[in-house]
Every structure is written in C-alpha cells, then in structure tokens.
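# Observations on the three-dimensional arrangement
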Amino acid sequence: MWRSCLRLWDEGRRLLNRPRGGLIASVGPGPNPRLQARAYAPLTGPGTEGAWNPGSLASRPLSLQVSWPSLLLPYHLGGGLREERKRFYQNVSITQGEGGFEINLDHRKLKTPQAKLFTVPSEALAIAVATEWDSQQDTIKFYTMHLTTLCNTSLDNPTQRNKDQLIRAAVKFLDTDTICYRVEEPETLVELQKNEWDPVIEWAEKRYGVEIGSSTSIMGPSIPARTQEVLISHLASYNMWALQGIEFVVTQLKSMVLTLGLIDLRLTVEQAVLLSRLEEEYQIQKWGNIEWAHDYELQELRARTAAGALFVHLCSESTTVKHKLLRE
Amino acid sequence: MAALGSPARTLRGLLRELRYMNAATGRPYRDTAAYRYLVKAFRAHRVTSEKLCRAQHELHFQAATYLCLLRSIREHVALHQEFHGKGERSVEESAGLVGLKLPHQPGGKGWEP
C-alpha cells in the first residue's frame, strides 16, 4: 500500500488553478505592513521557522522573519523601508562591473541592505536575480525573492560568521539529522522510512567513505568524529558564497545528508523535499491534505530549497565552453 | 540517478514559467534576458559527445532546479492570494457574520472630530 507513496517520486503534480486572471490585483492589504519582510536568509538555530498560527486571519506570509532593523538603515533601493513597496522601476538589466555582475533597476544600481553594491560572480545568477525583480507586479514581495535574499546574506554577512563557523553550524545538523532519526511505531511508517531513507544514507556513506547510522533512540544517532572531520574537510572546498547556500538548504531541509544528495546531483529538489517531509506525507496520505496549510508549506519549502541548491551550484562552478572542430 | 526526465521537457517547462511571469507585465517573454540565456545554454550543451557528459547532466540539473524554483514560487504566491491574502474583515463585515448591523449615528460618536 505504501508503494503509492513511491508514486510521489514521479512527481504527481498537484494541479493548482493558475493565478486568477492575468493581473494579480492585490486583494486586501497584503502582508501586514508593520512587519518587515526578511532581508536575509533565516539564521540557523531553534525556532527560526515562523510558527504558523492556525487561528490567524491576518494575511502575513508564513515565514516572516525579523529582518535587519530597517529603520536604522539608510533609505535606499535594495533595503528601503520594508513596507508595501510599489514597483518603482520599469526595466531590469544587467551590467558587468569589476567585481562581477550588477543589477540595474531602470538606471539605478541595486544595493544590499547594508548599502553595498550588489555584485554577483556568475552571470546566470545575475540573470536569475534580475528575473526575480522583473517578475514583481504592483507591489514588491520580498518573501518570494529567495535568490536576492541569499545574495544579500552572502554580500553583507550580517551574522559576521567566518568559514569555519559556517561549516561547523552545517555539520552540527548531522547530530539531529532527519534521516537518521527513526520512529519505532507505527509499523507502516517504520517500513516507509526504511525504504526511502536507507538508500540515501547508504549512498552518502559510500560516497564519502564515512559511517552515518540511523537510530531510534531519543538521543539521536551517534556520529563518529571521523565522519564529522571528513565532512568538514569536504565542505571546506566550497567558497564562502556556496557555503551560505549550503547552510541555508540544511536549515530548510533539516538534514545534512539530504543536502549532500542535492549538491552532488543525486536527488532532485522535489525528491529531497519529499524525503524531508516523509512523515508529513505519510500523515497526509492517511488523514487527507489541507491545501492552505500543507500545500502552502510544501511550495514554500520547495521554493527555498530550490533557490538554495541553485545558488550553491551557480556559485561553485565555472563554465568554459570548448568548441570542437567538426571533423569531416 | 535523479529522475530528471528529458531536457526538452525541462526547457518547455521553463519557457512556460517565463511566459506566465511576463504575461502580467505585458512584455513578450522572448525579449527577456532569461529566455535568451536559457535558449543559448540549452543549444550550446546539446551538441556534445553523449558518453560521459557530466556537464550536460549538471546543466540539466540546474535547469530543473530553476524550473522547480519558478513553479513553486508561482504556486506559493497563488496559494497565498487565495487563502491568506484577504486581510482582516472590517468591523461591518464581522458584525454581519452574526447578523448584527452597526448603529448609524448621524451626529457621529462623541470623540470623533
């Protein structure tokens, strides 16, 4: 019966109505103007995910984080007062400066919340960020612009963390990795977890030559020190920007192993999100799906994970195109 | 081993997402930088030797990730508009829920200017 869960691997898409009409006229006041949309990627730590309040009728986005106090910041383009900002620009374009690629809104250059110039090293990333800004209609919804958020975090580094601290924060998740934390009952869930999660753990163990077990105890799996060292040295090979992305994805998926699967191209984003939410999917299959909660969270998790994964890949690659001569 | 499907399908999905995004702004989506970049990248990586092309797989993976990103952002915004975008009810509406009507005081309430 639980093979039906595996059908989710093939991405049975939940068909959603297309956005009502072509023009999304803003209905109601939109996100609560007193709250500030986040400018930076959420920080690691307990309780950073905005708790969803079921009784709330207010229309705040699910994951509003407290941003850098924007009242203390100078009022400028990228990090202006984060209320309902209307789209004030017509065209978005990209130019290449000395530090990298820059985004222009009309003729003004985009800046980060700390008033630094917004430069990205990769052209594809710049185009993706420009597309994000271009896709805003009427009002600017910062909570949909995940790539911009990640770039801001990397450029500003608001928590002032250096590379070691980032790596250690990410590897620390291994102690409470979702995939290694198993339940003991109900039976079907145990079997489901074994079938879905064990292959990923085996792949990770083989790929990195480490030991990561799974455990049902409340203390979680005991990860040997050697595993942590191997992973720390592997992550040290990524640059600072890619590490911000990796740490972001780890925070979203609550699992280091799944993140490794993503960056090594072993899992797609949909698969990784499904594995991360395995128990929720199990309960949904059993008890039913609530669109305005489950789907909402699913789409948001997918968006953030995809943004993080794309960010990591674009920041850690370098493309060279060699043209082969056509031999007759 | 990721179940990515065919690159053509991913490209079609990406173009569809770009079309949705630009439908509201009214600009033809073929003018956008994203469209040009995607088409150029897909064309460039099509003509490679098939044997062990890791770069091709990487590009396809990145394209699929970007497609997932665009799709899920669009659906997230749609869900938000539909379920969470309405704001709070006004006082008149709330009273109307239980069948009451607000009193109409022609002189205004005492403390209002």
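Below or above, wherever it landed, is the structure these notes cover. What you are looking at is a predicted structure, and each value in this text was computed from that prediction instead of being measured.

## Here's the deal with the overall build of chain B
- Scanning chain B from terminus to terminus reveals four helices and zero strands.
- In terms of overall size, chain B is more extended than a compact globule, its C-alpha atoms giving a radius of gyration of 25 Å where 113 residues would be expected to give roughly 13 Å.
- Buried residues in chain B amount to 42% of all 113 residues.
- Counted over contacts in chain B with a minimum sequence separation of 6, partners at least 24 positions apart contribute 53%.
- Surface exposure of chain B reaches about 7300 Å², of which carbon and sulfur atoms provide 56%.
- For chain B, the distance from the average position of its 18 positive side-chain charges to the average position of its 10 negative side-chain charges is 13 Å.

## What about the packing of aromatic side chains?
All names here are of chain A.
- For the coordinates displayed, the defined rule picks out five aromatic pairs over all chains.
- Centroid distance Phe-88 to Tyr-89: 5.2 Å. Interplanar angle 85°. Geometry classified as edge-to-face.
- The class of Tyr-89 is buried, set by a relative accessible area of 1%.
- Between Trp-241 and Phe-311, the ring centres sit 5.9 Å apart and the planes meet at 20°, which makes this aromatic pair stacked. Remark: Phe-311 occurs in helix H11 (residues 291–315) and Trp-241 occurs in helix H7 (residues 240–253); sequence separation between them is 70 residues.
- By the ring-pair criterion, three or more aromatic residues cluster together here, those being Phe-88, Tyr-89, Trp-133 and Phe-142.
- Here Arg-207 stacks its cationic end above the ring of Tyr-208, 4.6 Å away from the centre of that ring.

## Some points on the packing of helix H5 (residues 187–208) of chain A against helix H10 (residues 278–287) of chain A
Residues and elements named next belong to chain A.
- Orientation of H5 relative to H10, taken along the N-to-C sense of each, is 135°, at an axis distance of 11 Å. Considered as vectors, H5 and H10 are oriented oblique to each other. Considering the relative orientation of H5 and H10, their crossing is right-handed. For the pair H5 and H10, the contacting residues are Thr-188, Leu-189, Leu-192, Gln-193, Glu-196 and Trp-197 in the first and Leu-278, Glu-279 and Tyr-282 in the second.
- Split into classes, the residues belonging to the contact of H5 with H10 amount to five nonpolar, two polar and two charged.

## Let's talk about the environment of Gln193(A)
- Residue position: Gln193(A) is located in helix H5.
- For the pair Gln193(A) and Ala236(A), spaced 43 residues apart in the sequence, the C-alpha separation amounts to 31 Å.

## A few points about the nonpolar core
All names here are of chain A.
- Leu-125, Trp-133, Leu-147 and Leu-235 are the most contacted members of the largest nonpolar core, which totals 100 residues.
- A total of eleven residues in this core trace back to one element, the largest contributor, which is H11.
- With sequence-adjacent residues up to four places away left out, Trp-133 is seen in contact with Arg-87, Tyr-89, Val-92, Leu-105, Leu-110, Ile-140, Phe-142, Met-145 and Thr-148.

## Some thoughts on the pairing of strand S1 (residues 92–96) of chain A
Residue and element names in this part refer to chain A.
- Two strands pair when backbone bridges link them, and S1 and strand S2 (residues 101–105) are joined in this way by five bridges, in the antiparallel orientation. Within the sheet, the bridge partner assigned to Ser-93 lies in S2 and is Asn-104.
- What sits between the antiparallel neighbours S1 and S2 is a turn of four residues, in which Gly-100 has the positive phi angle 155°.

## Some words on the pattern of salt bridges
- For the structure on display, the rule yields eleven salt bridges over all chains.
- Across the pair Glu300(A) and Arg304(A) runs a salt bridge whose closest N-O atoms are separated by 3.0 Å. On the criterion of helical spacing, the pair formed by Glu300(A) and Arg304(A) is a turn pair, its members being four residues apart in helix H11. Like Arg304(A), Glu300(A) is buried.
- Ionic pairing is found between Glu17(B) and Arg74(B), a salt bridge with its closest N-O pair at 3.0 Å. Within this pair, whereas Glu17(B) is found in helix H1 (residues 7–25), its partner Arg74(B) is found in helix H3 (residues 54–84), the two being separated by 57 residues in sequence.
- Judged by its relative accessible area of 4%, Glu17(B) falls in the buried class.
- Here the residues in one salt-bridge network are Arg277(A), Glu280(A) and Glu281(A), joined through shared partners.

## Remarks on the packing of H7(A) against helix H8 (residues 256–263) of chain A
Residue and element names in this part refer to chain A.
- Look at H7 against H8: their axes get within 8 Å of each other, and the N-to-C directions meet at 130°. On the basis of their axis angle, the class for H7 and H8 is oblique. In the crossing of H7 with H8, the sense of the turn from one axis to the other is right-handed. Across the interface between the two elements, Ile-246, Val-249, Val-250 and Leu-253 of H7 pack against Met-256, Leu-258, Thr-259, Leu-262 and Ile-263 of H8.
- Along the lines of polarity and charge, the residues of the contact of H7 with H8 split into eight nonpolar, one polar and no charged.

## Examining a nonpolar patch on the surface
Residue and element names in this part refer to chain A.
- On the surface, Tyr-181, Ile-218 and Met-219 cluster together to form a nonpolar patch covering roughly 390 Å² of accessible area.
- Here Met-219 is to be found in the loop between H5 and helix H6 (225–235).
- On the accessibility criterion, Met-219 (69% relative accessible area) is exposed.

Conventions and cut-offs
- Residues numbered from 1 in each chain as written.
- Chains lettered and ligands numbered in written order.
- Predicted model: local features only at pLDDT ≥ 70, side-chain atom pairs only at ≥ 80, totals over all residues.
- Heavy atoms only, no water.
- Helix = DSSP H or I, 4+ residues; strand = E, 2+ residues; numbered from the N terminus.
- Rg over C-alpha atoms; globule rule 2.2 N^0.38 Å.
- Buried < 20%, exposed > 50% of the residue type's maximum accessible area, 1.4 Å probe, protein only.
- Contact = heavy atoms within 4.5 Å.
- Areas by Shrake-Rupley, 256 points an atom, 1.4 Å probe, with all protein chains shown as cover.
- Lys, Arg positive; Asp, Glu negative; His and termini not counted.
- Charge placed at Lys NZ, Arg CZ, Asp CG, Glu CD.
- Phe/Tyr/Trp six-rings, centres within 6.5 Å; stacked < 30°, edge-to-face > 60°.
- Lys NZ or Arg CZ within 6 Å of the ring centre and 35° of its normal.
- Axes fitted to C-alpha atoms, helices over the stretch in contact; angles between N-to-C directions.
- Parallel < 35°, antiparallel > 145°, perpendicular 65-115°, else oblique.
- Left-handed = near helix turned anticlockwise from the far one by under 90°.
- Nonpolar A, V, L, I, M, F, W, Y, C, P; charged D, E, K, R; others polar.
- Core = buried A, V, L, I, M, F, W, Y, C linked by side-chain atoms within 4.5 Å.
- Pairing = 2+ DSSP bridges.
- Salt bridge = Lys/Arg side-chain N within 4 Å of Asp/Glu carboxyl O.
- Patch = residues over 30% accessible without salt bridge, like charges linked within 9 Å, V, L, I, M, F, W, Y side chains within 5 Å.

Functional significance is not addressed by these values, which are geometric in nature.
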